[in-house]
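# Fold and geometry: a report
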Amino acid sequence: MAKKQIYYEDVEVGSEMPALEKISTTQMAVRWAGASGDFNPLHYDDNFAATQGTGGIITHGALKRAWLVQLVTDWIGARGRVKKFACQYRGMDYPRKMATMGDPTEGETWLCKGTVANKKVEDGQHLVECNIWVENGKGEKTTPGSATVILPSKKAKA
Amino acid sequence: MADESILTDEIKAMIGTLSEPVIMEVGRVAIRRYADAVGDDNPLFHEVEDAKAAGYEDLICPPGFWGWPIKGRATIGGMSIVGGVLIKAGLWRILDGGVDQEFYIPIRAGDILTAYSKIADIREREGKAGKMVFTTVETTYLNQNGDTVAVNRATIIAR
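Residue numbers restart at each chain and count upward from 1, following the sequence in its written direction. Starting at A for chains and at 1 for ligands, labels are handed out in the order in which the entities are written. For this predicted model, a pLDDT threshold of at least 70 governs which residues receive local features, and a threshold of 80 or more governs which side-chain atom pairs are given and counted, while totals over whole chains, interfaces and linings are taken from all residues. Heavy atoms throughout the structure, all of them, feed into the side-chain values; hydrogens and water do not.

## With respect to the overall build of chain B
Numbering goes from the N terminus for both helices and strands, where a helix is a DSSP run of H or I of at least four residues and a strand is a run of E of at least two. Scanning chain B from terminus to terminus reveals 4 helices and 6 strands. N-terminal to C-terminal, the α/β element order of chain B is α-β-α-α-β-α-β-β-β-β. Considered along the principal axes of its C-alpha atoms, chain B spans approximately 60 × 30 × 25 Å. Across chain B, every contact between residues at least 6 apart in sequence was considered, and the portion connecting residues at least 24 apart equals 69%. The criterion used for residue contact is that any of the two residues' heavy atoms lie within 4.5 Å.

See below:
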């Protein structure tokens, strides 16, 4: 594993996770539909989306959830575990259209961010509670959430 | 009219309904393909040797991925129960509202999961765009040993 393992003792309340940058595109929506099984045309078909009152095709909530999972699993490393995870799809996000076969048009970039809200040892588990969210290009939190993770402890290792 | 509930008797009667169990097969290809779709290159989801080095028997699923049903579509059973009733009541604009999940045992390639979904709750709320129906579908995933590996509570918003 190339990444350095984070330990319970390394984390303080208020610590920030390294932000994860994402660009939602229509191409990504199609890939996500195929890989997740959610083929709702609201996420890739303009005409259908126009009937849904969303202001256009929107990014799958579950894809934004998966971005947040990546944010957390990147941070906790190979020996960390996710115990609880929640998020709400509060604000709509609109994917960039494609300019070429592989490149999106200019536009919004999303940031996934997280901070440590609390840490505690419970039933022998070293738990860290985090606030996590997806921010759109305007800095609005469209997808707030929370995660409780189990981190390895330096003390337990010895 | 404005004060009238949009919860029809047929919708209310759905609370507590259980789905047929769905059998989910967890394969390496599906895990890699899912992680690729997210843009997630975590070696635990791609490289068997890295997953083994971290103490797992095989690739593990990114939390929130449950493999692929052995027949039919990946949509969890609960949505298929409640979707038809909501649409019939004229609530055909349906969005995902969010999730609340608990993970007990990491899901790995080779697992066969059985998913049981239940309509845990249906309630009405007043939103900016008028009345909406919030449905919570609780899905419990068991592995081939009969252990509960995860519980997923998904909220569906219909209007």
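Now that the structure is up, let's keep going.
## Focus: the packing of helix H3 (residues 61-76) of chain A against helix H2 (residues 28-38) of chain B
With axes taken as lines fitted to C-alpha atoms, and helix axes fitted only over the stretch in contact, angles between N-to-C directions fall between 0 and 180 degrees. Remark: H3 of chain A packs on H2 of chain B, axes separated minimally by 9 Å, with the N-to-C direction vectors making an angle of 95 degrees. Our classification of the angle between H3 of chain A and H2 of chain B gives roughly perpendicular. For the pair H3 of chain A and H2 of chain B, the contacting residues are Leu63, Arg65, Ala66, Trp67 and Gln70 of chain A in the first and Tyr34, Ala37 and Val38 of chain B in the second. Classification convention: Asp, Glu, Lys, Arg as charged; Ala, Val, Leu, Ile, Met, Phe, Trp, Tyr, Cys, Pro as nonpolar; all other residues, Gly among them, as polar. When the residues that make up the contact of H3 of chain A with H2 of chain B are grouped by side-chain class, the tally is 6 nonpolar, 1 polar and 1 charged. What sets the label is the angle itself: under 35 degrees gives roughly parallel, over 145 gives roughly antiparallel, 65 to 115 gives roughly perpendicular, and the rest give oblique.

## Concerning the interface of chain A and chain B
On the side of chain B, 36 residues touch chain A, which itself brings 38 residues to the contact. Here's the idea: put two parts together, see how much 1.4 Å probe accessible area each one loses, and the total over both is what we call buried area. For the pair chain A and chain B, the two sides together bury roughly 2,900 Å², of which 53% comes from carbon and sulfur. What counts as a salt bridge is simple: a side-chain nitrogen of Lys or Arg found within 4 Å of a carboxyl oxygen of Asp or Glu. In this structure, the connection of chain A to chain B is made through 0 salt bridges. Each polar contact in these results corresponds to two N or O atoms within 3.5 Å; when the atoms are within protein, one needs to be able to donate a hydrogen and the other to accept it, and residues that are neighboring in sequence are counted only if both atoms are side-chain atoms. Our count for the contact surface shared by chain A and chain B stands at 11 residue pairs in polar contact (both at pLDDT 80 or more). Contributions of two or more residues to the side of chain A that touches chain B are made by helix H1 (26-36), H3 and strand S2 (81-88) of chain A. Here the side of chain A that touches chain B is built from residues that sort into 18 nonpolar, 12 polar and 8 charged. DSSP bridges decide pairing: two strands pair if at least two such bridges lie between them. Relative to strand S3 (residues 94-103) of chain B, S2 of chain A runs antiparallel, the two sharing 5 bridges. Bridge pairing in S3 of chain B places Phe85 of chain A opposite Gln101 of chain B.

## Here's the deal with unusual backbone geometry
Residue and element names in this part refer to chain A. For Asp123, which is not a glycine, the phi torsion comes out positive at approximately 50 degrees. Inspection of the secondary structure assignment puts Asp123 in the loop between strand S3 (110-122) and strand S4 (125-135). Residue Asp123 is classed as exposed on the basis of its relative accessible area of 78%. Using a 1.4 Å probe on the protein chains alone, a residue whose accessible area is under 20% of its type maximum counts as buried, one over 50% counts as exposed, and one in between counts as partly exposed.

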